[in-house]
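Examining the three-dimensional arrangement
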Amino acid sequence: MITLERKTVEDVLQQGIYGPLETKPEERRKYLGTLRERIIIALTKSQVAETNPYPEVQQSMKEYPKAQLLLNGNMTYEELSKYVKLAAKNKIEHKIVTNKEHDTDIGLVLAMNDAIDKEEIYITKKVQITEMHAEKKSLFAKLFRR
């Protein structure tokens, strides 16, 4: 026997005032309206503002042709335009999401409609450690040269 939960007058009024109940609202605000489990790639605002688009984003667009690109509407169009063009080139649907009540540090999200549970969604630039050590040695050598 299946029993269905009846909505109370209070529930109906609350839903009428505030809209339908949403799962994980804080997570949705952070990730531009989607859930963490659906994300393929996420970039911060500062990463999106960089001059050149990240090649990982383009590669992911090719790997997931049914993905959707969500862009932070609190950023300038000049910063977002390179990714809008990339989405158009790869025939990926895109949306510019603006939330006036909540600002997130996320600038771009490439996501699916269903959960994919990708473990690592953030892209980090790899700094070449060997170059850093070489510079330190030469600086050290310069300081203690006789």
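Scroll up a little and you will see the structure.
Predicted, not measured: the structure shown is a model, and the values here were computed from it.

Okay, the overall build of the protein chain next. Regarding its fold elements, the protein chain presents six helices and four strands. The 146 residues of the protein chain split such that 29% are buried. Partitioning the intrachain contacts of the protein chain with sequence separation of at least 6 by distance along the chain shows that 82% fall at a separation of at least 24. With an accessible surface of roughly 11,000 Å², the protein chain has 54% of that area assigned to carbon and sulfur atoms.

Structurally, Thr 104 can be placed in the loop between strand S3 (93-97) and strand S4 (106-111). Relative accessible area serves as the criterion here: at 8%, Thr 104 is assigned to the buried category. Excluding residues that lie within four positions of it along the chain, Thr 104 makes contacts with Arg 29, Lys 30, Leu 32, Lys 45 and Asn 72.

Turning our eyes to something else, we now look at the pairing of S3. Inspection of the sheet shows strand S2 (residues 68-72) paired to S3 by five bridges, in the parallel sense. Looking at S3, one finds that Gln 68 is bridged to Glu 93. As for the winding sense of the linkage, the β-α-β connection from S2 through helix H5 (residues 77-89) to S3 is right-handed.

Right, let's get into the environment of Lys 24. Within the secondary structure layout, Lys 24 lies in the loop between helix H1 (9-18) and helix H2 (25-30). Judged by relative accessible area, which is 48%, Lys 24 ranks as partly exposed. Separated by twelve residues in sequence, Lys 24 and Arg 36 place their C-alpha atoms 9.8 Å apart. Discounting chain neighbours no more than four positions away, the residues touching Lys 24 are Leu 35 and Glu 37.

Scoring rules and cut-offs
- Residues numbered from 1 in each chain as written.
- Predicted model: local features only at pLDDT ≥ 70, side-chain atom pairs only at ≥ 80, totals over all residues.
- Heavy atoms only, no water.
- Helix = DSSP H or I, 4+ residues; strand = E, 2+ residues; numbered from the N terminus.
- Buried < 20%, exposed > 50% of the residue type's maximum accessible area, 1.4 Å probe, protein only.
- Contact = heavy atoms within 4.5 Å.
- Areas by Shrake-Rupley, 256 points an atom, 1.4 Å probe, with all protein chains shown as cover.
- Pairing = 2+ DSSP bridges.
- Right-handed = clockwise from strand over helix to strand, strands pointing away.

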